[in-house]
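Per-entry structural report
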Amino acid sequence: MLQTLPALHAPKLLSWYDRHHRELPWRVNPAAAKAGKRADPYHVWLSEVMLQQTTVQAVKPYFAKFLALWPKVTDLAAAPVEDVMAAWAGLGYYARARNLKKCAETVALEHGGVFPDTEEGLRALPGIGDYTSAAIAAIAFNRQSAVMDGNVERVISRLHAIDAPLPGSKPLMKARVAELTPSDRPGDFAQAMMDLGATICTPKRPTCALCPFRDDCLAFAEHDPESFPVKAAKKEKPVRFGAAFVAVTPGGEALLKRRIESGLLGGMTEVPTTAWTSRVDGGTTADHAPFPAGWEACGTVVHVFTHFELRLSVFRALTEKVAVDDGWWEPVTNLEAQALPTVMKKAIAQAISRAFEKHPN
DNA sequence: AATTCGTGGTT
DNA sequence: TAACCAAGAAT
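Residues numbered from 1 in each chain as written. Chains lettered and ligands numbered in written order. Predicted model: local features only at pLDDT ≥ 70, side-chain atom pairs only at ≥ 80, totals over all residues. Heavy atoms only, no water.

An unreviewed UniProt entry lists chain A under the name Adenine DNA glycosylase, with Neorhizobium petrolearium as the source organism. You can read under Catalytic activity (unreviewed entry) in the UniProt record for chain A the words "Hydrolyzes free adenine bases from 7,8-dihydro-8-oxoguanine:adenine mismatched double-stranded DNA, leaving an apurinic site." Taken verbatim from the UniProt record of chain A, the Function (unreviewed entry) comment is "Adenine glycosylase active on G-A mispairs. MutY also corrects error-prone DNA synthesis past GO lesions which are due to the oxidatively damaged form of guanine: 7,8-dihydro-8-oxoguanine (8-oxo-dGTP)." (UniProt positions renumbered as here; feature names shortened; annotations may be inferred.)

Now the structure itself:
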């Protein structure tokens, strides 16, 4: 049989990890880890939350910024939530930032500023689910927890040639991960599985020749590792339409408002917009502007969210600083400090560049 | 259990 | 270039 005993897999992978691990800002290298050194639980937690559905490259600058602003979890707990949202702006999935703040508060107020050191204790905290609780427990506390993210799903599904589709096959795969996870160096094992998935066992054109599991892998033996994991068909992405209104005063202030706490871009800052509907009717005209002004169309911004595409017609107006009951006027020189999601930065950039072209101060 | 949550890089 | 997808969680 091609399959070896599961227990033999872990040393093989750890040996590979010792030589080929990625060096990451939040990580303790395997040599230090073997000497008993552990990564700071705060750093591990912060990086893991940022890395949820987000690439290492995107996370790196945010991780550095957050640590500079808030060196300890108690600093983050004490920070104004608006500051946290502004610092998170651009990273996406903004519920993570709200839960990050809540979690920091819980750790500071209910756990004396110390993270729980068990998977169960971690799992009870806001924004920490099945994956993240297992990952922190393994990486920061060397617990023998089964860590399964998208990388691990890919590695496991190929190793065992699991053809049942995700997400239904998740429990089966997690059981396989649990079988493989060693009591020795479980944290390094988890990180090694993810490094293997990220650098060798990639979604397209995996480098099987360099894989420590090559001789054990059923998918490789079947000559079709790329066909794993099998996933359920995804729905097609609908298109929604809307209009955004960028009002600027002669003094160089733009009208901003805050979105409601829940739902899409919850708690983030925006310029006034119409509702985003599935039809074009009215959404692309200035009829629904926040107040009467000389609204001028200045093009369309297309932005792709997870489950729909938005085509936002952008309007701008140079106006007096009218009183608004919902929102505030912010100097455009201070927009960088606002909690503006990327779609709003696109809309504002489209409008303001034109405003300053036509009306240089 | 299926949906709803961003964004940017890669292929 | 359109599709895929990245250290998933909450509801």
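Having seen it, we continue.
On to the protein's contact with DNA strand C. Residues in contact with DNA strand C amount to 25 residues; listed here are only the nearest, E48, G127, T132, D149 and N151. When atoms of DNA strand C within 4 Å of the protein are sorted by moiety, sugar and phosphate together comprise 63%. The contact in question runs from a phosphate oxygen of DNA strand C to an N or O atom on the backbone of G150, over 3.1 Å. Of all elements in the fold, only α9 (130-141) and α10 (150-159) reach the threshold of two or more residues within the surface near DNA strand C. (Near = heavy atom within 4 Å. Polar contact = N/O pair within 3.5 Å; in protein donor to acceptor, adjacent residues only side chain to side chain. Helix = DSSP H or I, 4+ residues; strand = E, 2+ residues; numbered from the N terminus.)

This next bit is on helix α1 (residues 9-20). Helix length check: α1 (twelve residues) gives 16 Å between terminal C-alpha atoms against 16 Å at 1.5 Å per residue, within 8%. Considered for burial, the residues of α1 that qualify are H9, A10, L13, L14, W16 and Y17. One side of α1 holds all its buried residues, which, seen down the axis, span an arc of 160°. Contacts made by the buried residues of α1 are with α2 (30-34), α10, α11 (170-180) and α12 (186-199). (Expected span 1.5 Å × (residues − 1). Buried < 20%, exposed > 50% of the residue type's maximum accessible area, 1.4 Å probe, protein only. Arc of directions from axis to C-beta. Contact = heavy atoms within 4.5 Å.)

This next bit is on the protein's contact with DNA strand B. Near DNA strand B lie 19 residues; those nearest to it are L265, H303, V304, T306 and T342. In DNA strand B, the atoms that sit within 4 Å of the protein are 58% sugar and phosphate, with bases accounting for the remainder. One of the side-chain nitrogen or oxygen atoms of Y93 is found 2.9 Å away from a base oxygen of DNA strand B. The contact in question runs from a phosphate oxygen of DNA strand B to an N or O atom on the backbone of L265, over 2.4 Å. When contributions to the surface near DNA strand B are tallied by element, the ones reaching two or more residues are β4 (296-304) and α14 (342-358). Residues of the surface near DNA strand B, tallied by class, amount to nine nonpolar, ten polar and no charged. (Nonpolar A, V, L, I, M, F, W, Y, C, P; charged D, E, K, R; others polar.)

Let's shift gears to the packing of aromatic side chains. One pass over the full model with this rule turns up ten aromatic pairs. Each ring, one from F291 and one from W295, has its centre 5.7 Å from the other, and the planes form 50°; the classification is tilted. In this structure W295 comes out as buried when scored by relative accessible area, which is 14%. Sitting over the face of the ring of F308, R240 holds its NZ or CZ atom 4.0 Å from the ring centroid. It is R259 that lies over the ring of W276; its NZ or CZ is 5.3 Å from the centre. (Phe/Tyr/Trp six-rings, centres within 6.5 Å; stacked < 30°, edge-to-face > 60°. Lys NZ or Arg CZ within 6 Å of the ring centre and 35° of its normal.)

Another point: unusual backbone geometry. Looking along the chain, the bond that leaves L166 and enters P167 is cis, with omega of 5°. Mapping P167 onto the fold places it in the loop between α10 and α11. A cis geometry characterises the amide bond from F228 onward to P229, with omega recorded as -5°. One can find P229 in the loop between α13 (218-221) and β1 (239-248). The residue A161 is not glycine, and still its phi comes out positive at about 50°. Mapped onto the elements, A161 comes out in the loop between α10 and α11. Phi at L265 takes a positive value of approximately 55°, unusual for a residue other than glycine.

Another point: the pairing of strand β5 (residues 309-318). Most of β5 sits inside the fold, with seven of its ten residues counted as buried. Here ten bridges tie β1 to β5, and the two strands are oriented parallel to one another. When the sheet's bridge partners are listed, V239 is paired in β5 with E309. Bridging between β4 and β5 involves seven bridges; their strand directions are antiparallel. By the bridge assignment for β5, V304 is matched with E309. In sequence, β4 turns back onto β5 through a hairpin of four residues. (Pairing = 2+ DSSP bridges.)

Within the element layout of this structure, A95 appears in helix α7 (residues 95-110). A relative accessible area of 36% means that A95 is categorised as partly exposed. In this structure, the C-alpha to C-alpha distance between A95 and M85, residues ten residues apart in sequence, is 9.6 Å.

This part takes up the environment of F66. One can find F66 in helix α4 (residues 56-69). A relative accessible area of 0% places F66 in the buried class. Taking the C-alpha atoms as reference, F66 lies 9.9 Å from H43; in sequence the two are 23 residues apart.

A few words now on the pattern of salt bridges. Counted by the stated rule, this structure contains 18 salt bridges. Close ionic contact of E153 with K170 constitutes a salt bridge, the shortest N to O distance being 3.7 Å. Residue E153 is located in helix α10, and its partner K170 is located in helix α11; the two are separated by 17 residues in the primary sequence. For E153, a relative accessible area of 10% puts it in the buried group. E179 is paired through a salt bridge with R176; the nearest N and O atoms lie 3.6 Å apart. Within this pair, E179 and its partner R176 are both found in helix α11, separated by three residues, close to a single helical turn. (Salt bridge = Lys/Arg side-chain N within 4 Å of Asp/Glu carboxyl O.)

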